[in-house]
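Each chain, letter by letter, is given below.
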Amino acid sequence: MPLDRQGVLVALMTLLAVLAVLAVLRWASGFFIPLMLGLVFSYALSPVVDWFHKRRVPRAASAAVLILAILGSMGGAVYSLSDDASALVDSLPDAARKLSRTITRQARTPDTPLDTVQKAADELQKAADQAGAAANQPPPARGVSRVIVEKPRFDLREYLWSGTMGLVSGVAQLVLVTFLTYFMLVSGDTFRRKLVKITGPGLAEKKLTVQALDEINAQMQRYLLVQLVASVGVGVATGVAFALLGLKHAAVWGVAAGVLNPVPYIGSVAVTGGAALVAFVQFGDMEMALLVGGLSLLINTVEGYLLVPRVTSKASRMNAVAVFIGVLARGWLWGVWGMLLGIPILMAIKAVCDRVDHLKPIGELLGT
């Protein structure tokens, strides 16, 4: 076969293989997402279990106690904040009525010159559209009935059912991730030794595998430690700032900011927009809403664009463009979970590509 045809054939086969892998990853997301979450959590908790194992504590006992302690602390935090969260939910009807009155009051105010010009432009656009439609539309045939398609009414039971099924699915995923993390912590370095054993008989292959696994382990633990410290800092700063401004349920907003902080781009936008809306409803003043939203945006900007990228780039040695594209691709593939797992997966890919000869161009593309 000529070299040019052979190159085209190899390129087409590579493209088909990539598309097949993406299709499988998207189709089997219910399997791969818990697997990746279990791997990430096992990387995060393995140093603690290893520390206890060196002091002759069985891995099964230390892993069980650690996971139960984490779940218990999370449950205690949720229970302690349940009153504030319930009060926030109970205040939603009053907030909706207040927002409705504000919108009605604004609608009754006299139009500004800008509103008058906008209405005139809308009327001119409507007249132009009607004239164009009348010129291009053929005369209607006689005896043809006019059909009006009505949109289905809002069914609360359908939304409650879908929400309940989503909650059940989330609880099932949490159980799967918990057990998977536990078994990975108990196994220790079993899979590590098996991977080194099956890489090949040569010493060079085994050495590259050990180096790649060590690099993945170190980068993953540093990244998770940075994210933990950053999330705690964002949550505390947000809660304290909102409390000083007099915003109700500031602790709930602080916890929400800390929990949503690891979700790239979406978490900070959700907290900023929600806090600004609640502040507008509570204070009835646009300036206070802008102040609350701007303060939340400032905290997330300092953390997400100044502090964390500098530390993360030193830990992962990846450029920002590759990280952004990788997070977007994972978000398209797996949704919010993909955006959360995008950076750890890119770290693992780069660690492997840096040590395989024919994959080093990919590692160079991901690097700084």
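What counts and how
- Residues numbered from 1 in each chain as written.
- Predicted model: local features only at pLDDT ≥ 70, side-chain atom pairs only at ≥ 80, totals over all residues.
- Heavy atoms only, no water.
- UniProt positions renumbered as here; feature names shortened; annotations may be inferred.
- Axes fitted to C-alpha atoms, helices over the stretch in contact; angles between N-to-C directions.
- Helix = DSSP H or I, 4+ residues; strand = E, 2+ residues; numbered from the N terminus.
- Parallel < 35°, antiparallel > 145°, perpendicular 65-115°, else oblique.
- Left-handed = near helix turned anticlockwise from the far one by under 90°.
- Contact = heavy atoms within 4.5 Å.
- Nonpolar A, V, L, I, M, F, W, Y, C, P; charged D, E, K, R; others polar.
- Patch = residues over 30% accessible without salt bridge, like charges linked within 9 Å, V, L, I, M, F, W, Y side chains within 5 Å.
- Areas by Shrake-Rupley, 256 points an atom, 1.4 Å probe, with all protein chains shown as cover.
- Salt bridge = Lys/Arg side-chain N within 4 Å of Asp/Glu carboxyl O.
- Expected span 1.5 Å × (residues − 1).
- Buried < 20%, exposed > 50% of the residue type's maximum accessible area, 1.4 Å probe, protein only.
- Phe/Tyr/Trp six-rings, centres within 6.5 Å; stacked < 30°, edge-to-face > 60°.

Per an unreviewed UniProt entry, the chain is named AI-2E family transporter, and its organism is Ramlibacter terrae. For the record of the chain, the UniProt heading Sequence similarities (unreviewed entry) holds the text "Belongs to the autoinducer-2 exporter (AI-2E) (TC 2.A.86) family."

Student: I'd love a proper account of the packing of helix α9 (residues 203-245) against helix α14 (residues 336-353), names of residues and values included.
Tutor: For the pair α9 and α14, interaxial distance at closest approach is 9 Å and the crossing angle is 155°. Taken together, the axis directions place α9 and α14 in an arrangement best described as roughly antiparallel. Handedness of the α9/α14 crossing: right-handed. Residues A212, E215, I216, Q219, M220 and Y223 of α9 pack against I343, P344, M347, A348, A351 and V352 of α14. Considering only residue class, the contact of α9 with α14 consists of 10 nonpolar, 1 polar and 1 charged.

Student: I'd like a rundown of the side chain of S62, residues and numbers included.
Tutor: Summarising the element assignment, S62 is placed in helix α3 (residues 59-80). Leave out the neighbours within four places in its chain, and S62 touches V49, F52 and V57.

Student: Residue-level account of a nonpolar patch on the surface, with values.
Tutor: Together, L225, L228, V229, V232, V236, V240 and L244 line one region of the surface with nonpolar side chains, adding up to about 700 Å² of accessible area. The residue L225 is located in helix α9 in this model.

Student: Lay out the UniProt feature "transmembrane region" (unreviewed entry) in the chain with the relevant residues and their values.
Tutor: Under the UniProt annotation, "transmembrane region" (unreviewed entry) lies at residues 7-25, 31-49, 61-82, 159-185, 223-245, 265-283, 290-308 and 320-349. Overall, residues 31-49 shows 100% helix and 0% strand. The separation of its end C-alpha atoms is 26 Å. Helix makes up 97% of residues 320-349 and strand 0%, whereas the separation of the span's terminal C-alpha atoms amounts to 16 Å.

Student: With reference to specific residues and values, describe helix α2 (residues 29-54).
Tutor: Its 26 residues give α2 an end-to-end C-alpha distance of 36 Å, which sits within 8% of 38 Å, the value for a rise of 1.5 Å per residue. Listed in full, the buried residues belonging to α2 are I33, P34, L37, G38, V40, S42, L45, S46 and V49. Immediately downstream of α2, the backbone of R56 shows phi near 65°, a positive value.

Student: An account of unusual backbone geometry is requested, with residue identities and associated values reported.
Tutor: Positive phi, normally seen in glycine, also occurs at R56, with a value near 65°. Summarising the element assignment, R56 is placed in the loop between α2 and α3.

Student: Could you give an account of the environment of T178, with specific residues and numbers?
Tutor: Along the polypeptide, T178 turns up in helix α7 (residues 156-187). Along the primary structure T178 and G38 are separated by 140 residues, whereas in three dimensions their C-alpha atoms are 7.3 Å apart. For T178, the contacting residues outside a window of four places in its chain are I67 and L71.

Student: Lay out the pattern of salt bridges with the relevant residues and their values.
Tutor: Applying the stated criterion across every chain, the model contains 2 salt bridges. D50 is the salt-bridge partner of R59, the closest N and O atoms lying 3.0 Å from each other. According to the relative accessible area criterion, R59 is buried, its value standing at 15%.

Student: Describe the packing of aromatic side chains, listing the residues and the values that go with them.
Tutor: Taken as a whole, this structure holds 5 aromatic pairs when the rule is applied. Judged by centre distance (5.1 Å) and plane angle (75°), the rings of F31 and F32 are edge-to-face. Here the aromatic rings of W51 and F52 are separated by 5.0 Å at their centres, their planes lie at 85°, and the arrangement is edge-to-face. A relative accessible area of 45% means that W51 is categorised as partly exposed. Given the relative accessible area of 33%, F52 is considered partly exposed.

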